[in-house]
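# Structural characterization, general
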Amino acid sequence: MAIVVEHDKRKQEILQKSLDVFIEEGYEDATFQKIADRCGITRTTLYIYFKNKHEIFLGSIKELLSELEEALKKIMMDSSLNSEATLRAVLSTLADSIEYNKKLFSVLLNYLMQLKKSGVDTNERVRRRVIRLRHLLSTILIKGIQAKEFKEINVKIINDTLYGLLESAIFRIAVLNKDDVADVRAALNTTVDLFKA
């Protein structure tokens, strides 16, 4: 049992450190050797944990999303917050994450463009990665409607609107090279104001 725990712990450390390599080098220039060097292990040892660079990259993204999801769930479990405060805190946390991970989103955008060129349905890939996030947003909205904090609204449309604004923040950071997403934060808050009861 201790061997499995140690293996999982090492694998998680590799994913965390490799994310820095992808951010610094970009997906194309990040190599197995550079990742192994950053982790203080040999390439042979790295192959024990992962088949290829692609698997490490996807694992790193999944690890980051899992950490973000845990932070969002913690906000949702805070009984001192009503639905409006919960939604605003979740949206603020997401905007913070977008700003903090600016370089990662640039790498991710390049990665998705490469996939698209090879004929992969990138929309489906992204949808699968963010489905739980969209579910969390819907849950908050439904609770707010039930608690009469939000107007009777079409949850799907509002979810799509909020998610679209978050995508806009990612675009501004990764493509337009903005330093912050203050304008998107304002738009998110204004949107919430519009459907408050």
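Parameters and conventions
Residues numbered from 1 in each chain as written. Predicted model: local features only at pLDDT ≥ 70, side-chain atom pairs only at ≥ 80, totals over all residues. Heavy atoms only, no water. Helix = DSSP H or I, 4+ residues; strand = E, 2+ residues; numbered from the N terminus. Buried < 20%, exposed > 50% of the residue type's maximum accessible area, 1.4 Å probe, protein only. Areas by Shrake-Rupley, 256 points an atom, 1.4 Å probe, with all protein chains shown as cover. Lys, Arg positive; Asp, Glu negative; His and termini not counted. Charge placed at Lys NZ, Arg CZ, Asp CG, Glu CD. pLDDT = per-residue confidence, 0-100. Contact = heavy atoms within 4.5 Å. Axes fitted to C-alpha atoms, helices over the stretch in contact; angles between N-to-C directions. Parallel < 35°, antiparallel > 145°, perpendicular 65-115°, else oblique. Nonpolar A, V, L, I, M, F, W, Y, C, P; charged D, E, K, R; others polar. Salt bridge = Lys/Arg side-chain N within 4 Å of Asp/Glu carboxyl O. Phe/Tyr/Trp six-rings, centres within 6.5 Å; stacked < 30°, edge-to-face > 60°. Expected span 1.5 Å × (residues − 1). Arc of directions from axis to C-beta.

What follows covers the overall build of the chain. The helix and strand tally for the chain stands at nine helices and zero strands. With the C-alpha coordinates of the chain rotated into their principal frame, the extents come out at 60 × 45 × 30 Å. Going through the 197 residues of the chain one by one, you find that 38% of them count as buried. Carbon and sulfur atoms make up 54% of the accessible area of the chain, which totals about 11500 Å². Considering the chain, the positive charge centre built from 31 side chains and the negative charge centre built from 28 side chains are found 4 Å apart.

In this model, the chain carries a mean pLDDT of 87, and residues with pLDDT of at least 70 account for 97%. Predicted confidence in the chain is weakest over helix H1 (residues 2-29), with a mean pLDDT of 80, and strongest over helix H5 (residues 83-100), with 93.

Position of Arg172 among the secondary structure elements: in helix H8 (residues 155-174). Of the residues examined, Arg172 reaches a relative accessible area of 26% and is grouped as partly exposed. The spatial distance from the C-alpha of Arg172 to the C-alpha of Glu99 is 9.9 Å, given a sequence separation of 73 residues. In contact with Arg172, other than residues within four places in its own chain, are Asn177, Lys178, Asp183 and Val184.

A pair of packed helices can be characterised by two numbers: the angle between their axes and the separation between those axes. Close contact between helix H6 (residues 102-117) and helix H7 (residues 122-146) brings their axes to 9 Å; oriented N to C, the two are set at 135 degrees. Considered as vectors, H6 and H7 are oriented oblique to each other. Within the contact between the two elements, H6 uses Tyr111, Leu112, Leu115 and Lys116 and H7 uses Thr122, Arg125 and Val126. Counted by class, the contact of H6 with H7 contains four nonpolar, one polar and two charged residues.

On to the pattern of salt bridges. Scanning the model with the defined rule gives 14 salt bridges in all. Between Arg132 and Glu69 there is a salt bridge, and its shortest N-O distance comes to 2.8 Å. Highlighted residues: Arg132 in helix H7 and Glu69 in helix H4 (residues 53-76), separated in sequence by 63 residues. Overall, the relative accessible area of 13% leaves Glu69 in the buried class. Notably, a salt bridge pairs Asp160 with Lys156, separated by 2.8 Å at the nearest N-O pair.

In this section: unusual backbone geometry. Only a minority of non-glycine residues have a phi that is not negative, and only a minority of peptide bonds are not trans. Here the phi dihedral of Lys148 falls at roughly 60 degrees; this positive angle occurs in a residue that is not glycine. Here Lys148 shows up in the loop between H7 and H8.

We now examine the environment of Phe195. Relative to the helices and strands, Phe195 resides in the segment after helix H9 (182-194). Filtering out sequence-adjacent residues up to four positions away, Phe195 remains in contact with Leu87, Leu141, Glu149, Phe150, Lys151, Ile153 and Ile158.

This next bit is on the packing of aromatic side chains. Taken as a whole, this structure holds seven aromatic pairs when the rule is applied. With 5.9 Å between their ring centres and 15 degrees between their planes, Phe22 and Tyr27 make a pair best called stacked. Tyr27 matches Phe22 in its accessibility class, with the two residues each being buried. Taken together, a centroid distance of 4.9 Å and an interplanar angle of 70 degrees make the contact between Phe22 and Phe57 edge-to-face. With Phe22 in helix H1 and Phe57 in helix H4, this pair connects stretches of sequence that are 35 residues apart. The exposure classification of Phe22 matches that of Phe57, with both residues buried.

What follows deals with H9. Taking 1.5 Å of rise per residue, 13 residues should cover 18 Å, and H9 covers 19 Å from first to last C-alpha, within 8% of that figure. Inspection of H9 places Val184, Leu188, Thr191 and Val192 among the buried residues, and these make up the whole buried set. Looking down the long axis of H9, one finds its buried residues gathered within 100 degrees of arc, a one-sided arrangement. Turning to H9, the residues buried within the fold contact H5 and H8.

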